[in-house]
Amino acid sequence: MTTKLQEMAHDMNNVITLISLNSSLALKVLRTNSDKAESCLIKIFNSSTKMTEILETAMSENVETTDIGELLYKLVDDLESTYNMQIDIIEQHQLIKSIGRNSFERMVTNIVKNANEAKATKVKIGLSKTSIVFVDNGEGIADHVAYTLNTRDEMVTTKDKGHGIGTHYIKSFCNSLGWSVNFSSIKEKLRYAKSGTKIVIKL
Ligand SMILES: Nc1ncnc2c1ncn2[C@@H]1O[C@H](COP(=O)(O)OP(=O)(O)OP(=O)(O)O)[C@@H](O)[C@H]1O
Ligand SMILES: [Mg+2]
């Protein structure tokens with residue numbers, strides 16, 4: 001279970017990440033206009049970067065040898081009822097990895113939440129020796145969004161109240177373990193889904 005303190009640290013980290021990215025952007029734009037604005041922004045940027053470091057230390061959790069399939073089976077019951085979705089796990093291989101369990105759960109929750117927001121009713125999770133693959137039957141991810149997520153270190157959103165935090169978290173969690181992530185829209189008609197989004201995590 002995630003402790004209250006860890007949850008708080010995660011939430012604060014999300015906010016600070018935004019401050020940090022926005023101030024770095026403003027810094028680029030305002031550099032030529034005003035020395036004072038620049039020095040102010042440098043201070044904001046430095047302190048938010050420092051804050052992120054502090055929070056990341058507070059959020060750090062024990063890395064434990066984990067049966068990923070077993071962890072997913074426990075997690076999906078909650079997710080199915082929270083998001084009113086059907087989640088199928090296809091375990092071709094028993095995946096045992098050293099991971100932070102809370103962080104992994106948070107990543108899967110972000111994936112299912114996004115699928116739900118894209119009107120998906122089903123998510124299929126496939127586990128193989130070298131990958132974890134998520135396929136949903138929602139509206140599908142826009143090609144330009146998938147392109148940005150796959151090729152740039154930028155946050156992107158298409159939602160009115162979105163920030164791009166979900167995929168930012170998914171990518172940073174995977175990258176911290178040396179895993180790669182690829183987002184794509186389903187082009188071919190699958191038996192499982194006529195449209196939707198596929199997320200391939202290569203281990
Ligand atoms: N399963 C999905 N189906 C369709 N589009 C998706 C899916 N997952 C992500 N996206 C697209 O990627 C964008 C970024 O997702 P991300 O989770 O980072 O941010 P968000 O959901 O917009 O906002 P939030 O910060 O609340 O998570 C979304 O706005 C959406 O356009
Ligand atoms: Mg999201």
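The structure this text deals with has already been given above.
These figures come from a predicted structure and were not determined experimentally.

Novice: Quick one: what's the story with the packing of helix H4 (residues 101-117) against helix H6 (residues 165-176), residue by residue and with numbers?
Specialist: For any two helices packed against each other, the geometry comes down to the angle between their axes and how far apart the axes lie. In contact at an axis separation of 9 Å, H4 and H6 are set at 145° when each is read in the N-to-C sense. The element H4 and its partner H6 pack so that their crossing is left-handed. The segment H4 lies against H6, with Ser 103, Arg 106, Met 107, Asn 110, Ile 111, Lys 113 and Asn 114 engaging Gly 166, Tyr 169, Ile 170 and Phe 173. In the contact of H4 with H6, the residues fall into five nonpolar, four polar and two charged.

Novice: Run through the environment of Ile 199, naming residues and quoting values.
Specialist: Following the sequence through the fold, Ile 199 ends up in strand E7 (residues 197-202). On a C-alpha basis, the gap between Ile 199 and Ile 111 in space is 8.6 Å, while along the polypeptide they are 88 residues apart. Leave out the neighbours within four places in its chain, and Ile 199 touches Ile 111, Phe 134, Val 181 and Phe 183.

Novice: Explain the sheet that holds strand E4 (residues 122-127) to me, using residue names and the numbers behind them.
Specialist: Strands sit in the order E2-E4-E5-E7-E6 across an open sheet of five strands; the sheet is mixed. Two strands in the sheet have a free side with no partner beyond their single neighbour: strand E2 (86-91) and strand E6 (180-185). Neighbouring strand axes in the sheet, compared pairwise and without regard to direction, differ in orientation by 15° on average. Judged from the six bridges that link them, E6 and E7 form a sheet pairing that is antiparallel.

Novice: Please provide a residue-by-residue account of helix H3 (residues 68-83), values included.
Specialist: Counted at 1.5 Å a residue, the expected span for H3 with its 16 residues is 22 Å, and the 21 Å between its end C-alpha atoms agrees. At Leu 75, H3 is bent by approximately 30°, the largest bend along its length. The set of residues buried in H3 consists of Ile 68, Leu 72 and Leu 79.

Novice: Outline the packing of H3 against H4, listing residues and values.
Specialist: Across the interface, H3 lies against H4 with an axial gap of 11 Å and an inter-helix angle of 35°. Crossing of H3 against H4: the hand is right-handed. From H3, Leu 71, Leu 72, Leu 75, Leu 79 and Tyr 83 reach across to H4, where they touch Arg 101, Phe 104, Glu 105, Val 108, Thr 109, Val 112, Lys 113 and Asn 116. Tallied by class, residues from the contact of H3 with H4 come to eight nonpolar, two polar and three charged.

Reading the values: the criteria
- Residues numbered from 1 in each chain as written.
- Chains lettered and ligands numbered in written order.
- Predicted model: local features only at pLDDT ≥ 70, side-chain atom pairs only at ≥ 80, totals over all residues.
- Axes fitted to C-alpha atoms, helices over the stretch in contact; angles between N-to-C directions.
- Helix = DSSP H or I, 4+ residues; strand = E, 2+ residues; numbered from the N terminus.
- Left-handed = near helix turned anticlockwise from the far one by under 90°.
- Contact = placed C-beta atoms within 7 Å.
- Nonpolar A, V, L, I, M, F, W, Y, C, P; charged D, E, K, R; others polar.
- Pairing = 2+ DSSP bridges.
- Expected span 1.5 Å × (residues − 1).
- Bend = angle between axes of the 7 residues up to and from the residue.
- Buried ≥ 20, exposed ≤ 12 C-beta atoms within 10 Å, placed from the backbone.

Any functional reading would require information beyond the geometric quantities listed.
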